[in-house]
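Chains, contacts and geometry: an overview
Residue strings, one per chain:
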Amino acid sequence: MMNSIRIALAAIFYATLFPASAAVAGERTAEGVGLTIYSAPHRAQQQIYNPSTRRWELPPQGYAIVKEWRKMELKAGANTLRFQDVAARIDATTVHFKSVTDPDGTAVLEQNYEYDLVSADKILSKYIGRALTLDLADNKTAAGTLLSYDASQIVLQTDDAATPIQILQRGNNVKNIRFGALPGGLITKPTLVWMLDAEKAGTHLVKVTYQTSAMSWNADYTAVISANDKALDLSAWVTIKNQSGASYDNAQLKLVAGDVHRAPAPGSPAAPGAAFLGAKRRAGQAGFQEKSFFEYHLYTLGRKTTLADRSIKQIELFPPVEGVTARKVFLYYGGAGRHSYGGGPYLDRNYGITSNSKVDIYLLFKNKKEFGLGLPLPAGRVRVYKMDEADDSLEFIGEDAIDHTPKDETVQLKLGSAFDIIGERKQTDFQVNYNAHWMKESFEIRLRNHKETDVEVIVKENMYRWANWSIRDQSHAFSKEDARTVHFPLKVKKDGETVLRYTVTYTW
């Protein structure tokens, strides 16, 4: 029963995705290329060693679906069709071929991907057992049959009776290698090859679809905060990286924002600056149109664009939005660290008392229409600037990365640490009663404000010793944020100091 359901679902899937009958409504009739690029993962990735550059680098990220329409000549009956200039990083298992001109009468019998590209070592490998000539550094030559080679030397069998075997060092010694002819089985470009059976002879418009890796996009945001730190202007640009090994001229471009799940391959482990802000789109320039698509967001560019191989292109995602309500927050996390409950309470008096003196700066704004936004914000980096009124120039004040953020959610950016606000945290008492199963711990937290204005600082504290806890004898009110976190909002006068004291009791 389950097998028949799977077969039926598979039939529906393929009939929907790859209709074989007459051209689908809206099917194009001209040559061209379309790209759908998926947002790059916003999680940190592990670097890999690149032997060609001898450096540790991030692997090329992302992937795209390439759709290309070309006119090809077919004869009636059997055909061998070669399709060049595909991406070097193509996933050959995703290739799909279709004749738009005669979809019912054109059948794919066999599909191949040829990628044995011409290189010096590949030519040498094809020439083992064949004759070649080497031009050497001393204006001499060496000719013979190639027996073997590696990165440092070439071994020849010559007609010289005195030295029938010669080992020649590569590098500065061998200046040139001359071959009689290019051996067969090598190609200059990655090529798709189909064996086709066509009923209709003549010019066919064919559509080839495949997936390639090493193409990605992410959003780059620029925010300029107001003089009073209570509003910001926000602009967004798309940064597209193409390292796929192919160029795409005058492509119809679509971008998908969202976390699309992909099965891991077998054997594999599971920036514009402030100058972009305020740039207005000229009349007649078609930008991105956004819409919900399945459970993601789809951005379609209203004009064609060219993506050259090994290039980075930036396109405005949406026009600048001005006057977004924002709020600056100071946060002191004196006991910052990774705390987790173990199999029992932590009784060591020194556990978790390491003090941090930095007071962090956060910028918060709500992605709501009434606050000036209300837009789906794809994952990316947000750079924040502020105007220096002395010379009317924008100065960089911090940056942070955001995840995909739907409308009506809050964006929180960590910009850095305050220069003029200092925190100090120390343990003032620790007691434990092993028989009665309780312990209590007291802290004193001092905040000193050296600014010329009063500030409010949120003191974040974690109850990290055990799950059952209660706070008493606190000098200031607090709010419980979750099962182990509390916030104390403290006001600190200019050039003043505020002292927070509290005691927490743990039971088990």
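Please refer to the structure higher up on the page.
Residues numbered from 1 in each chain as written. Predicted model: local features only at pLDDT ≥ 70, side-chain atom pairs only at ≥ 80, totals over all residues. Heavy atoms only, no water.

**Describing the sheet that holds strand E7 (residues 106-114)**
Quick note on the threshold: Pairing between two strands is assigned when DSSP locates at least 2 bridges connecting them. Strands are runs of DSSP state E lasting at least 2 residues, helices are runs of H or I lasting at least 4, and numbering of each runs from the N terminus. Lines are fitted to the C-alpha atoms to define the axes, a helix being fitted only along its stretch in contact, and any angle between axes, read from their N-to-C directions, falls within 0 to 180 degrees.
Reading across the sheet, the 3 strands line up as E5-E13-E7 and stay open at both edges, with antiparallel pairing between neighbours. Two strands lie at the open edges of the sheet, namely strand E5 (77-84) and E7, each paired on one side alone. Between one strand axis and the next, the sheet turns through 20° on average, direction left out of account. When E5 meets strand E13 (residues 191-198), the two strands line up antiparallel, connected through 8 bridges. Directly across from glutamine 84, in E13, lies its bridge partner threonine 191.

**Some words on the packing of aromatic side chains**
Under the convention used in this document: Classification of ring pairs uses Phe, Tyr and Trp, with its six-membered ring standing for Trp, and accepts pairs whose centres are within 6.5 Å; under 30 degrees between planes counts as stacked, over 60 as edge-to-face, and the remaining range as tilted. We call a residue buried when its accessible area falls under 20% of the maximum for its residue type, exposed when it is over 50%, and partly exposed in between, using a 1.4 Å probe and counting protein chains only. Charge-over-ring placement is defined geometrically: NZ (Lys) or CZ (Arg) within 6 Å of the ring centre, and within 35 degrees of the ring normal.
Applying the stated criterion to the full structure yields 12 aromatic pairs. Taken together, a centroid distance of 5.7 Å and an interplanar angle of 65° make the contact between tyrosine 385 and phenylalanine 396 edge-to-face. Of this pair, tyrosine 385 sits in strand E23 (residues 380-388) while phenylalanine 396 sits in strand E24 (residues 393-402), and the two are 11 residues apart along the sequence. A relative accessible area of 46% places phenylalanine 396 in the partly exposed class. Within the aromatic cluster, the residues linked to one another by ring pairs are Phe443, Phe478, Phe488 and Tyr502. Positioned above the aromatic ring of phenylalanine 83, the side-chain terminus of arginine 70 is 3.7 Å from the ring centre. Sitting above the plane of the tyrosine 333 ring, lysine 460 keeps its charged end 4.5 Å from the centroid.

**So, the environment of threonine 428**
Residue placement: threonine 428 occurs in strand E25 (residues 410-433). Accessibility expressed as a relative area gives 44% for threonine 428, which makes it partly exposed. Each C-alpha atom of the pair threonine 428 and isoleucine 445 lies 9.9 Å from the other, and the pair is 17 residues apart in sequence.

**Notes on unusual backbone geometry**
Look at aspartate 229: it is not a glycine, yet its phi comes out positive at around 65°. In this structure, aspartate 229 sits in the loop between strand E15 (215-225) and strand E16 (231-242). Positive phi values are uncommon outside glycine, yet histidine 437 reaches one of about 60°. Within the secondary structure, histidine 437 is located in the loop between E25 and strand E26 (438-449).

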